[in-house]
Amino acid sequence: MIPVIVGVTILVFTILYFMPGDPVRLMLGAEPTPAQVAAKRQELGLNDSYLVRLGRYVEGIVLHFDFGKSWIYNTPVTSELLQRFPRTLTIAAICMFLQICVGTPLGIIAAVNRNGLGDRLSMFIAMFGISMPNFWLALMLILFFSVKLHWLPPYGLGGLKYYILPCVANAFPGIATQARQTRSSMLEVIRSDYITTARAKGMSESRILLRHALPNALLPVITIIGNGIGMMLGGTVVIEMIFAIPGIGWYLVGGIGNRDVNVVQGCVIFLAIAFTLIMLLVDLAYAFIDPRVKAQFAGQKRRKQRA
Amino acid sequence: MLNVATAEGGTPKVKRQSEFVVVARRLSQNSSAVVGFVVAALLVLMAIFAPLIAPYPYAKQDLAHTREAPSAQHIFGTDELGRDVFSRIVWGSRFSLSIGFLAVLIATAIGMLFGAMAGYFGRVVDDIIMRLMDLLQSIPGILLVITVSVVLGPGLFNTLLALSIGGIPMSCRLTRAAVLGVRHEEYLEAAVSINASTPRIILRHVIPNSFAPVLVSSTMMIGNVIMMAAMLSFIGLGVQPPAPEWGSMIAAGRSLIRTCPWMVTFPGIFIMLTVLALNMFGDGLRDALDPKLKK
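Residues numbered from 1 in each chain as written. Chains lettered and ligands numbered in written order. Predicted model: local features only at pLDDT ≥ 70, side-chain atom pairs only at ≥ 80, totals over all residues.

S.K.: Help me understand the overall build of chain A in this model?
M.R.: For chain A, the count of helices and strands is 13 helices and 0 strands. Counting from the amino terminus, helix and strand elements in chain A follow one another as α-α-α-α-α-α-α-α-α-α-α-α-α. The C-alpha radius of gyration of chain A comes to 24 Å, more than 25% above the 19 Å expected for a compact globule of 307 residues. Taken along its principal axes, the extent of the C-alpha atoms in chain A is 85 × 70 × 30 Å. The burial tally for chain A puts 38% of its 307 residues in the buried class. (Helix = DSSP H or I, 4+ residues; strand = E, 2+ residues; numbered from the N terminus. Rg over C-alpha atoms; globule rule 2.2 N^0.38 Å. Buried ≥ 20, exposed ≤ 12 C-beta atoms within 10 Å, placed from the backbone.)

S.K.: Mind showing me how you'd approach the overall build of chain B here?
M.R.: Broken down by element type, chain B carries 12 helices and 2 strands. The helix and strand sequence of chain B, counted from the amino end, reads β-β-α-α-α-α-α-α-α-α-α-α-α-α. Seen along its three principal axes, the alpha-carbon backbone of chain B occupies a region of about 75 × 55 × 30 Å. Counting only residues that meet the buried cut, chain B has 47% of its 295 residues in that class. Taking all contacts inside chain B whose residues are at least 6 apart in sequence as the whole, residues at least 24 apart take part in 67%. (Contact = placed C-beta atoms within 7 Å.)

S.K.: Please clarify how the interface of chain A and chain B should be interpreted in this entry.
M.R.: Buried accessible area, meaning the area lost when the parts come together, often serves as the stated size of an interface. Taken together, the 39 residues of chain A in the interface contact 34 residues of chain B. In terms of residue class, the side of chain A that touches chain B is built from 33 nonpolar, 6 polar and no charged. (Nonpolar A, V, L, I, M, F, W, Y, C, P; charged D, E, K, R; others polar.)

S.K.: Could you clarify how one ought to interpret helix α9 (residues 198-209) of chain B in this entry?
M.R.: All names here are of chain B. Here α9 spans 15 Å end to end across 12 residues, near enough to the 16 Å set by a 1.5 Å rise per residue. The complete set of buried residues in α9 reads Ile202, Val206 and Ile207. Across the axial projection of α9, the buried residues extend over an arc of 90°, all falling on one side. Of the residues in α9, the exposed ones pointing more than 90 degrees away from the buried face are Arg200 and Pro208. (Expected span 1.5 Å × (residues − 1). Arc of directions from axis to C-beta.)

S.K.: What's the story with unusual backbone geometry in this structure? I'm lost.
M.R.: When glycine is set aside, most residues are seen to have a negative phi, and most peptide bonds are trans. Although it is not a glycine, Asn115 of chain A sits at a positive phi angle of roughly 65°. Tracing the sequence through the fold places Asn115 of chain A in the loop between α5 (77-112) and α6 (117-131). Classification of Asn115 of chain A by C-beta neighbours within 10 Å gives exposed; the count is 9. In this structure, Arg123 of chain B takes a positive phi of about 45° despite not being glycine. In this fold, Arg123 of chain B is placed in helix α5 (residues 123-137). By the C-beta count within 10 Å, which is 8 here, Arg123 of chain B ends up exposed.

S.K.: Can you walk me through the confidence of the model for chain B in this structure?
M.R.: Detail in the predicted coordinates should be disregarded across regions flagged by low pLDDT. All names here are of chain B. Residues at a pLDDT of 70 or more form 93% of chain B, whose mean pLDDT is 84. Note on residues 1-11: pLDDT under 50 across the span, and 12 contacts to partners over four residues away in sequence or across chains. Among the scores for the predicted complex, ipTM is 0.83 and pTM is 0.85. (pLDDT = per-residue confidence, 0-100.)

S.K.: How should the packing of helix α1 (residues 2-17) of chain A against helix α12 (residues 261-289) of chain A be read in this particular structure?
M.R.: Packed helices, taken two at a time, are described by the angle between their axes plus the distance between the axes. All names here are of chain A. Between α1 and α12, whose axes approach to 10 Å, the crossing angle comes to 150°. By the angle between their axes, α1 is roughly antiparallel relative to α12. Between α1 and α12 lies a crossing of right-handed hand. Counting all contacts with α1, which are made through Val4, Ile5, Val8, Thr9, Val12, Phe13 and Leu16, the residues of α12 involved are Val261, Val264, Gln265, Val268, Ile269, Ala272, Ile273 and Thr276. (Axes fitted to C-alpha atoms, helices over the stretch in contact; angles between N-to-C directions. Parallel < 35°, antiparallel > 145°, perpendicular 65-115°, else oblique. Left-handed = near helix turned anticlockwise from the far one by under 90°.)

S.K.: Looking at this model, I keep getting lost on the environment of Pro76 of chain A. Mind explaining?
M.R.: Looking at where Pro76 of chain A falls in the secondary structure, it is placed in the loop between α4 (50-64) and α5. The sequence separation of Pro76 of chain A and Ile61 of chain A amounts to 15 residues, and the corresponding C-alpha distance is 13 Å.

S.K.: I keep staring at the nonpolar core and nothing clicks. Help me out?
M.R.: Most often, soluble globular proteins keep nonpolar side chains buried together rather than apart. The biggest cluster of nonpolar side chains holds 158 residues, and the ones touching the most others in it are Ala138 of chain A together with Val225 of chain B. Among the elements that line this core, the one with the most residues is helix α10 (residues 205-243) of chain A, at 17 residues. In this structure Ala138 of chain A touches Leu165, Pro166, Ala169, Ile239 and Ile242 of chain A, once residues within four positions along its chain are discounted. (Core = buried A, V, L, I, M, F, W, Y, C linked by C-beta atoms within 7 Å.)

S.K.: Is there a simple way to think about the packing of helix α6 (residues 141-152) of chain B against helix α7 (residues 156-182) of chain B in this case?
M.R.: Residue and element names in this part refer to chain B. Orientation of α6 relative to α7, taken along the N-to-C sense of each, is 150°, at an axis distance of 8 Å. In this view, α6 runs roughly antiparallel relative to α7, as classed from their interaxial angle. Our pair here, α6 against α7, has a crossing hand that is right-handed. Here Gly141, Leu144, Val145, Val148, Ser149 and Leu152 of α6 come into contact with α7, specifically with Asn158, Thr159, Leu161, Ala162, Leu163, Ile165 and Gly166.

S.K.: Even after reading the chapter, I still don't get the environment of Met231 of chain A, so can you show me in this structure?
M.R.: Tracing the sequence through the fold places Met231 of chain A in helix α10. Once residues within four sequence positions are removed from consideration, Met231 of chain A is found in contact with Pro173 and Gly174 of chain A together with Pro140 of chain B.

See the structure below:
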């Protein structure tokens, strides 16, 4: 975990180190005196070498969880991030929930009714789902549900109502991916020998599906969920901007507009850490669910004990 | 791919057909792949012949006819400066398609090279390359692209570069997995035994034999990259206005969505159409290359 965080921090810091332009001139506004510029540079530690600055930044994050200060507003980035994170997390979590709870059943239904009407229809919709940019879908949803029908608020923060459109827009590609993956993985499993065996011994079709096919089909799908979280977290950037939700994504877009390196850096690293943590949980869940992986670990342990 | 040539009157001759022909035949039987291919080809033609198709120059302002709804003169309406939306979309296809294809080409080339090296050499090389890819992948793709794009600044070439960096890990991983599959094949041993140089073995023997999975994922990646490019210019990075990029057209129309929805709707439809066509083709390609999935 820690090596990944350090690695990501170094990577992002290094990429943004090459950012052109002088932040000090941006901060001090029009016509600063050379002395002012020099003093500010000294104050921010911009005169130090790359390694010193990198070391300081990594140390701040790993030891103190401190992302520095915004160069433009001079506010601590960490507190902004922590204050905004719940909103981003809410969106991402709802989207994940939708992806799993809508996408998986759709995929199963499609696989079971292979080449039937339901299959074709849901795969057709899923194809659109993975081909639609989420920001455009968001605008279309606003156009339809807010501007035309006046059902839902077009942007802002408030009750749960305000989360409906952003979450649907952000989750739609994920739902589509999930349905497609579940379907293809289900189809692969349905053809395997143990399903034929189960049929041969006269098991009911629904029992075969739920007890034999589904658990095996869902294993590869779990890895997709991890990727989906990355997509959801990344997708919030543009979704929050459109719906004016003050989460981390919007903060990031603002930071980009202001060329505020510390803010951009903080947002990207923070989201990457969140992503890594969730991926770790997914991996653990995978090991917990898949008896083969579990057996592998148990085997290792036993071997170690014997040695 | 062995194919008994029944057409030649059942002669016992077993004809070895080129894989390309076999795959192309299977593709042509898949109707959605054909539709995807035709639509994508039409869009490419539209991009190539943009000056002939677009009824107006894409930058021509007509301040007497701003924000006009779609009509016979302007089938997709006009924008806030009186520019014809349809003409801008036609010209914009050049950006989206060239960014999509080139970025994926760069990403695939670099990713395959690294992936093949990781798979072929194994051990330390493998470790170093794969840990680097892990690192790149621990940042959600879009965020990585945004970060690189912030540093490189706007512009076609820089956007291309930023987007290709985001695609490297995936093609690298896939190539590595495929290479590990062929690593102990006899033809590689044969190549080593006739003293072929390592770069030659990797480029001439390893990569061509582990190309299929990468080809499929690259086709699917083009659509993704086009969407990401549009998103970049939507949030103000990437290709900048007044260039008629689809994403930046949507961004420009966003504030006018209540009064002139056509400025947002049509560029988005074209993004969707392009990506949809490429994905349909990619799906078909996957089925054609891996026939055991489709039965």
